[in-house]
Amino acid sequence: MQELLGRQKGLFRQILIVDDEPIEREMLGNMLDKEYEVCYAENGEQALDVIRDHKLTLSLVILDLHMPKLDGYSLLEILRADAELRLIPAIVLTSEKEAEVKSLQLGAADFITKPYDVPEVINARVRRSIELAEDSIIIHETERDSLTGLFNKEFFYEYGRRLENHNEDMSMDAIVLDINRFHLVNELYGRSYGDFILKTIGESIHGLVQRTGGLACRSDTNSFCIYLPHREDYEEQLPLHAEKFARRIGDYKISIRVGIFPDDGSGLDLEQRFDRARLACSKLRNSYTTCYTFYNTKLHDKELYSERLINDMDRALEEKQFKVYYQPKYNIRGEKPVLSSAEALIRWVHPEFGMVSPGDFIPLFEDNGLIQKLDRYVWREAAAQIRDWKNRLGVTLPVSVNVSRVDIFDPMLESILEEIVNANVLKPEEFLLEVTESAYTDNSQQIIDTVNSLRRKGFKVEMDDFGSGYSSLNMLTSLPIDALKLDMKFIRNICSDSKERRMVEIMIEIADFLEVPVIAEGVEVKEQLDLLKEIGCDIIQGYYFSKPVPPEDLDKLIEQEDGK
Ligand code: C2E
Ligand code: CA
Ligand code: CA
């Protein structure tokens, strides 16, 4: 927008006269060229080129309606649909009354009738149009987002509320539109391509609210809010719109997601309605098949449930509602499987909700950092458990614990782990650390440094969920690890799907190359076990042997082992 104001800075303001009649062009030019820098075009197409080239300096376009190639009406429509070009005022040259109305509807600032009036009148109209437009650019600058020309968030809510007050019984829907994986677009193709996409989508949205009498803003980098008179045809229309966006951008990798909170007469305030639309929209984050969804109370309940879990966590720690379960891992290299270690997995026995699965709360706690507190709790419990088995049963059973990505970036990580191990008089290699593969791709150098340092202290690090992330083969060779733990999803269909089987074989080859053992988890049936054994897998974890169980139950498995 700063640039647009540059238009006012030149000594002479620049005017473009567009007319196919040379004599008319000249007459008008002569009236204006003392005060303005005048340039000319003889048809709409040529005019559009000039306007695009001079959009930052052009103060006004004076435009004949009837011209070859692109006529005045079409040119007006094109200007109006463009976030930048629509800020340049246009005066239309007409000789008919109907044309005046139509061109004003198309966004013309004023009209000049042919044959021409006295020069003073024309000069006055030109000056007035330019001044009005310059004032509105200044207003525009504060109200609008410079990239898309849509309102900014503050003005959007302000005007939204005004619209509501003036039209109390008008039913309006709140819609949030996001661009999928936009940060990747910026990263892979550069900022200017990202800006192009935002602009194109902004223009389509602008067209939509112009047609329907709604309002729109860019509320965040890649997020748009649209306030639209209520309609019932989203299900038909939205997929068409999404398709249209993709076509306009010319890139089918770019897709949008849309969350809708339809007006339900509940009288929620504007922000709340958009919060709900945003919540609906966010649920589509990982969906490749649907582009829109409606807010429903279930979503809201889920949100409230999440909030409860977050609020309840401290108390749950104090009241020992968290229990650490253990799932055994068996070494299958020999003739008979041998219990070799166990994984510590957290369980939450919530006083109100009962047994809550870690899948429900771990991702929440990872988002807000609470996970660190919980992980430390699990590590302490697990270390104490190893000590307890040593003391009571005279057995050393190494236990692996999950180390979240947040923990990896904690400068205290190493000293905390050492303190826990020392407090229970354990050797570091009895305390295994599982780090998920995707953590390695976040900030690889820091993770590699941290893991190296932990391994120098004697800790063993297993790469969890291997195959689910995107660690490059190149990176793997410089990666310090002690075991590869295959992502469960490869095991599920390993017996029926030859591609999955091949994937696992390749991963085992990689592990062989790195000279580390392979752990397969999620093994539920004997066929899976047999196949994995055949292709060279070393260690197995899964329901086939045992679900994660409370420590007392693992006692029994340890005792069975002794009796083998
Ligand atoms: P994970 O680390 O990949 O753990 C393996 C998950 O697979 C566990 O789910 C386990 O119960 C499940 N599983 C094991 N064998 C089988 C099987 O044969 N079939 C099927 N269908 N599932 C099997 P769980 O306990 O629900 O944990 C889910 C995830 O939550 C874990 O995935 C881990 O990422 C996270 N998690 C659990 N406890 C902790 C913890 O103390 N700290 C952290 N940071 N994350 C944890
Ligand atoms: Ca794990
Ligand atoms: Ca895993």
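Here the residue numbering is sequential within each chain, running from 1 through the sequence in written order. By the order in which they are written, chains take letters starting at A while ligands take numbers starting at 1. Two thresholds apply to this predicted model, a pLDDT of at least 70 for residue-level local features and 80 or more for giving and counting side-chain atom pairs, whereas whole-chain, interface and lining totals are computed over all residues. Side-chain metrics in this entry use all non-hydrogen atoms of the structure; hydrogen atoms and water are not considered.

A. Structural context of the coordination of the calcium ion (ligand 3). We call an atom a donor if it is N, O or S and sits within 2.8 Å of the metal, or 3.2 Å for Na, K and Ca. Water is not counted, so some sites may look partial. Binding of the calcium ion (ligand 3) to the protein goes through Asp464 (OD), Asp465 (OD) and Glu521 (OE), at separations of 2.0 to 2.4 Å. Each donor residue of the calcium ion (ligand 3) lies on one chain, and together they are spaced D-D-x55-E. Separating the calcium ion (ligand 3) and the calcium ion (ligand 2) is a distance of 4.2 Å, and aspartate 464 donates to both of them. Each residue gets one of three labels from its accessible area relative to the maximum for its type: buried under 20%, exposed over 50%, partly exposed in between, using a 1.4 Å probe on protein chains only. By relative accessible area, aspartate 465 is classed as partly exposed at 23%.

B. Structural detail: the pairing of strand β18 (residues 518-521). For helices the rule is a DSSP run of H or I covering at least 4 residues; for strands it is a run of E covering at least 2, with both sets numbered from the N terminus onward. In β18, alternate side chains face the same way, and those of Val518 and Ala520 on one face and Ile519 and Glu521 on the other are all buried. Paired strands are those between which DSSP finds at least two bridges. Looking at chain direction, strand β17 (residues 483-486) and β18 are connected through three bridges and run parallel. Residue leucine 486 lies in a different strand from β18, and its bridge partner there is alanine 520. Once the chain exits β18 it traverses helix α22 (residues 526-534) before rejoining the sheet at strand β19 (residues 539-541), and the crossover so formed is right-handed. Seen with the strands pointing away from the viewer, any crossover whose path from the first strand over the helix to the second strand runs clockwise is right-handed.

C. Structural context of unusual backbone geometry. Cis peptide bonds are those with omega within 30 degrees of zero, and the linkage from lysine 114 to proline 115 qualifies with -10 degrees. Here proline 115 is to be found in the loop between β5 (110-113) and α6 (119-143). The residue lysine 320 is not glycine, and still its phi comes out positive at about 55 degrees. With respect to the helices, strands and loops of the structure, lysine 320 is situated in the loop between α12 (297-318) and β11 (322-331). For lysine 320, a relative accessible area of 44% puts it in the partly exposed group.

D. Spotlight on the site of ligand 1. Any residue with a heavy atom positioned within 4 Å of a molecule or strand is treated as near that molecule or strand. Taken together, the neighbourhood of ligand 1 is formed by 22 residues, with Arg347, Asp375, Ser404, Glu524 and Tyr543 sitting nearest. Any pair of nitrogen or oxygen atoms within 3.5 Å is treated as a polar contact; in protein, a donor-acceptor pairing is required on top of that, and neighbouring residues in sequence qualify only through side-chain atoms on both sides. Here an oxygen atom of ligand 1 sits 3.3 Å away from a polar atom, N or O, in the side chain of glutamate 343. Each accessible area is a Shrake-Rupley estimate made with a 1.4 Å probe; only the visible protein chains count as cover when residues are assessed. Against a free-state accessible area of 810 Å², the protein chains account for coverage of 81% of ligand 1. Among the elements of the structure, β12 (338-350), α13 (358-368), α14 (371-393) and β16 (460-466) are those that each provide at least two residues to the shell around ligand 1.

E. Seen up close, the domain arrangement of the chain. Taken as a whole, the chain is organised into domain 1 (2-143), domain 2 (153-295) and domain 3 (305-555). For every domain, the bounds stem from an assignment made automatically or drawn from a database. Inter-centroid distance (C-alpha atoms) of domain 1 to domain 2 is 32 Å. The contact definition used throughout considers only heavy atoms, calling two residues in contact when any of these lie within 4.5 Å. The interface of domain 1 with domain 2 comprises eight residues on the first partner and six residues on the second. Accessible-area loss on putting two parts together, using a 1.4 Å probe and summing over both, is the definition of buried area adopted here. Regarding the contact of domain 1 and domain 2, the summed buried area is about 590 Å², with carbon and sulfur atoms giving 41% of it. For the domain 1 face of the interface with domain 2, the top three residues by lost area are Arg80, Arg86 and Glu143, together amounting to 59%. The working definition used for a salt bridge is a side-chain nitrogen of Lys or Arg within 4 Å of a carboxyl oxygen of Asp or Glu. For the pair domain 1 and domain 2, the interface holds zero salt bridges. In this structure, the connection of domain 1 to domain 2 is made through two residue pairs in polar contact (both at pLDDT 80 or more). Elements with a contribution of two residues or more to the side of domain 1 that touches domain 2: α4 (72-81) and α6. Any residue that is not Ala, Val, Leu, Ile, Met, Phe, Trp, Tyr, Cys, Pro, Asp, Glu, Lys or Arg is counted as polar, Gly included; the first ten are nonpolar and the last four charged. Class assignment for the residues of the side of domain 1 that touches domain 2 results in two nonpolar, one polar and five charged.

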